Every structure is written in C-alpha cells, then in structure tokens.
Amino acid sequence: MNAIRAVIKAWELTRGASGPNPDGQLGQIVEVMLGTSARIGEVLAIRRRDLDLTTTSATLRICGTVISERGVGTYRQEHPKTDRSNRVIALPSFTAGALRRRLAIMADHSLDALVFRSRECTPLTTANVRRQLRKVLGDAGIEGVSPHMFRRTVATVINEQASLNLASELLGHTDPKVTIEQYIRRNEQVNPLTAELLDAAFARADNGRELA
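This text gives an overview of the structure that appears in the document. Computed from a predicted structure; not experimentally measured. (Residues numbered from 1 in each chain as written. Predicted model: local features only at pLDDT ≥ 70, side-chain atom pairs only at ≥ 80, totals over all residues. Heavy atoms only, no water.)

1. Here we look at the nonpolar core
Counted only if it meets this: We call a set of buried Ala, Val, Leu, Ile, Met, Phe, Trp, Tyr and Cys residues a nonpolar core when their side-chain atoms join them within 4.5 Å. For every residue, the accessible area obtained with a 1.4 Å probe (protein chains only) is divided by the maximum for its type, and the residue is called buried under 20%, exposed over 50%, and partly exposed between those limits. In this text, helices come from DSSP runs of H or I with a minimum length of four residues, and strands from runs of E with a minimum of two, each type numbered from the N-terminal end.
Ranked by size, the top nonpolar core spans 43 residues in total, and within it I29, F116 and F150 carry the most contacts. Contributions of two or more residues to this core are made by α1 (2–12), α2 (25–36), α3 (40–44), β2 (59–62), α4 (93–105), α5 (126–139), α6 (147–161) and α7 (164–171). At 6 residues, α2 tops the list of elements feeding residues into this core.

Shown next, in the form of structure tokens:
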C-alpha cells in the first residue's frame, strides 16, 4: 500500500507539457476505498450531503452508486447494489483527511455536488478510474491492482484484526459467507498453538531418543 500511495503521489505532482495536469482525485479515491471498503461506483457517487466531517468521528453515508449504460450514459443511481449496501461508515483519519482536502478545493458547494467528478462536472466513470489506476501503477512496474483489490484487502484486515461479521457489515454484505468466500484472503499460516497441543499429547519423555 505504501508503494502504491508513493507512485500515485509522484504522478500527481507531475506537470505534463500537454493535456490536463493530475488534480489529486486518484489518490483521494484510493484513500476512500482503503478506509471504507466501498465499491468504486459507491465512491464515485459520494455527494457533499453524504459526508459529516465536522466532528472527530467523521462519517460517510453510502447510499448510491455510479453506473454507465449504453444509450443512457453515466449517472448516479439513487441506491447502491443491495439494500444492505446502504450504510453509514465511521472514517479513519487518513480517509477523512483526504475528503477534507477534496472539499476544500471544490467550487461547487451545493449539497448534491459529487465529490469526485470530471472537469465538466459530470460523474467519473468506473472504467476510466480503473484504466487510470492501472496505467499509473503499471508505468511504475506495479501490476494487478484494481479497485476491487482494495475492497478485498480491507475485508482481510478487518477479519484478521476483529471478526468476519464486522468485515461483512463494513462491506455491506447480507451474508458473511460471501465475505469469506470471495473477499478474504486465506491465511496459510496455521495457528502455532497446534504444536504446543501436540507436544503436550505426544512428546516422548526421552526427548526423541530411541529406546534401547
């Protein structure tokens, strides 16, 4: 994660000879995904009204998603993937900080303004964000990173540090089985307690020396 952050930061500090300069959104989007486990469409659907950054316990309400339809275009859908996906998430400090920096430079102060959007004030497409992330990291030799990887990473950390149920709640899943089967990385390291238990049950009094 530190390598990914460093690459994105370095890219955002560049100033190209042609085309628009990076505006900081990519790094901020990553910080939101990493601090919420939100799907990329859910992140791109965040509006001012969905945030409460005025207190120490900053919160984000997930209540929509950005989708693209052929013949219709890209727009904000007024509900996320499932009913359970509607949720209010307490934000870690690094995510709240990224969102405060984003709001500070936004010209549109209306409550329905999308926090992340194009220079034409239209919703960003999930495909373009994926493509940009892949290119920026790929140019630095980091392959295989997608927005969904951040979601799986968050699920794994919460499961290992707390519980499966908490990870499932954070991800907005209706069934923890989905969380464990599709999102949590399997830990190959078996609890070393097994060695102590087997020693207690079967260790030889002579410490392994062959009996006469």
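2. A few points about the packing of α1 against α2
Stated formally: Think of each axis as a best-fit line through the C-alpha atoms, taken over the contacting stretch in the case of a helix, with angles from 0 to 180 degrees between the N-to-C directions. Under this scheme an angle from 65 to 115 degrees is roughly perpendicular, one under 35 degrees roughly parallel, and one over 145 degrees roughly antiparallel; angles in between are oblique. By the convention used here, residues are in contact when the closest approach between their heavy atoms is within 4.5 Å. All residues other than Ala, Val, Leu, Ile, Met, Phe, Trp, Tyr, Cys, Pro, Asp, Glu, Lys and Arg, Gly among them, are scored as polar; the first ten of these are nonpolar and the last four charged.
Axis separation between α1 and α2 bottoms out at 9 Å; the angle between their running directions is 155°. Considering the angle they form, α1 stands roughly antiparallel to α2. Residue-level inspection shows R5, I8, W11 and E12 of α1 in contact with α2, the latter providing Q25, L26, G27, V30, E31 and L34. Residues of the contact of α1 with α2, tallied by class, amount to 5 nonpolar, 2 polar and 3 charged.

3. Details of the sheet that holds β2
Quick note on the threshold: In this description, strands pair whenever DSSP reports at least two bridges between them.
Taken together, the 3 strands give an open sheet; going across it, the order is β1-β2-β5, and neighbouring strands pair in antiparallel fashion. The two strands at the open ends of the sheet, each matched to only one other strand, are β1 (51–52) and β5 (87–90). Two strands pair when backbone bridges link them, and β1 and β2 are joined in this way by 2 bridges, in the antiparallel orientation. Counterpart to L51 in the pairing with β2 is L60.

4. Let's talk about α4
Test applied: For a helix, the expected span equals 1.5 Å multiplied by the residue count minus one.
A rise of 1.5 Å per residue sets the reference length of α4, with its 13 residues, at 18 Å; its end C-alpha atoms lie 19 Å apart and thus fit the reference within 8%. Those residues of α4 that fall on the buried side of the exposure criterion are T95, A96, G97, A98, L99, R102 and L103. Elements that come into contact with the buried residues of α4 comprise α2 and β1.

5. Points about the side chain of T126
Along the chain, T126 turns up in helix α5. By relative accessible area, T126 is classed as buried at 17%. Among all residues touching T126, those that are not within four sequence positions of it are I40, G41, L44 and V66.

Just geometry here; none of it tells us what the structure is for.
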